[in-house]
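Fold and geometry: a report
So the chains spell out like this:
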Amino acid sequence: MLQQSLRFLKIKLDSIEKYRQLKQEYKSKSEELKREFSLENTKTSEYLEKHRQLIESNILIFKALTEEFYEHKRAGIEVRSNENINKNRFEIKAKIDDDKGDGVNDVKIFCFDWTLLLARHNHTMKFIFHDSRLLSEIDSRQQATLFNVAYDKTIANDLQYIISANQNTLDSLKLEMGEEQYNKIVAEQI
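Residues numbered from 1 in each chain as written. Predicted model: local features only at pLDDT ≥ 70, side-chain atom pairs only at ≥ 80, totals over all residues. Heavy atoms only, no water.

**Some words on the side chain of Gln142**
Going by this rule: Think of it this way: any DSSP run of H or I at least four residues long counts as a helix, any run of E at least two long counts as a strand, and we number them from the N terminus. Buried residues are those whose accessible area, probed at 1.4 Å on protein chains only, stays under 20% of the maximum for their type, while exposed residues exceed 50% and partly exposed ones sit between those limits. Contacts are assigned to residue pairs that have any heavy atoms within 4.5 Å of one another.
When you line up the elements, Gln142 lands in helix H4 (residues 140–157). Residue classification places Gln142 among the buried positions, given a relative accessible area of 7%. When sequence neighbours within four positions are dropped, the list of residues in contact with Gln142 reads Phe69 and Tyr70.

**Section: the environment of Asp152**
Inspection of the secondary structure assignment puts Asp152 in helix H4. Taking the C-alpha atoms as reference, Asp152 lies 31 Å from Phe90; in sequence the two are 62 residues apart.

**Brief notes about the pairing of strand E3 (residues 127–130)**
We count it as follows: Strand pairing is defined by DSSP finding a minimum of two bridges between the two strands. When the strands point away from the viewer and the connection leading from the first strand across the helix to the second strand turns clockwise, the crossover is called right-handed.
Only one face of E3 is buried, namely the one carrying Ile128 and His130, since none of Phe127 and Phe129 on the opposite face is buried. The pairing of E3 with strand E4 (residues 160–163) spans 4 bridges and is classified as parallel. Bridge pairing links Ile128 to Tyr161 in E4. Each parallel crossover has a hand, and for E3 linked through H4 to E4 it is right-handed.

**Looking at the pattern of salt bridges**
We apply this condition: Salt bridges are defined by distance alone: a side-chain nitrogen of Lys or Arg within 4 Å of a carboxyl oxygen of Asp or Glu.
Applying the stated rule across the entire model yields 13 salt bridges. Between Asp139 and Arg141 there is a salt bridge; the shortest N-O distance is 3.8 Å. Using a relative accessible area of 34% as the deciding quantity, one classes Asp139 as partly exposed. Between Lys174 and Glu179 there is a salt bridge whose closest N-O contact spans 3.9 Å. When its relative accessible area of 33% is taken as the criterion, Lys174 is described as partly exposed. Look at the salt bridges and you will find they share partners, linking Glu78, Arg80, Glu91 and Lys95 into a network.

**Digging into the nonpolar core**
Just so we agree on the cut-off: Working definition of a nonpolar core: buried Ala, Val, Leu, Ile, Met, Phe, Trp, Tyr and Cys residues. They are joined through side-chain atoms within 4.5 Å.
Formed by 36 residues in total, the largest nonpolar core has its most connected members in Phe110, Trp114, Leu146, Phe147 and Tyr161. Of all the secondary-structure elements, those providing two or more residues to this core are helix H2 (52–67), strand E1 (75–81), strand E2 (90–96), helix H3 (102–119), H4, E4, helix H5 (167–177) and helix H6 (179–185). Excluding residues that lie within four positions of it along the chain, Phe110 makes contacts with Phe69, His130, Leu134, Leu146, Val149, Ala150 and Tyr161.

Written as structure tokens, this is what we have:
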């Protein structure tokens, strides 16, 4: 009986030792990860500082595109280091003042995507595609602007723009643009 109690206590002691060891390994690993994240935060901050001019040139492209739609609204792109424990090193937020409406949000998406295409950083893509949902909340005047911007940018930069559009969108676009402009920018480009 005493022998059995001793064996039970040895097993329990062994379990406690394993738990302590595991807890210490966890603490060491946790501290190592914190150091690694701290180092990554430093690298990210250095990267952002080193590439400030590049980021600012992208912001200017975005602002120029948004001014085609909204002359009096402030717009920009915010790029910051995400210093939390995460998988995303950067927080990138495109903004247009008063972007709470779906139409403004869709214009923001259009302008951001075109910024990526026009800036041509780290890619050789020469086209962009949007589906019809992009147009669903944008009013016909801004849809006309969107098609004009896309047409001008594709011609000037030897790019291709592909967008799917519903017939009702095309009909309202034709009324907004007029037949001649609609034919030049939309019908002849299909």
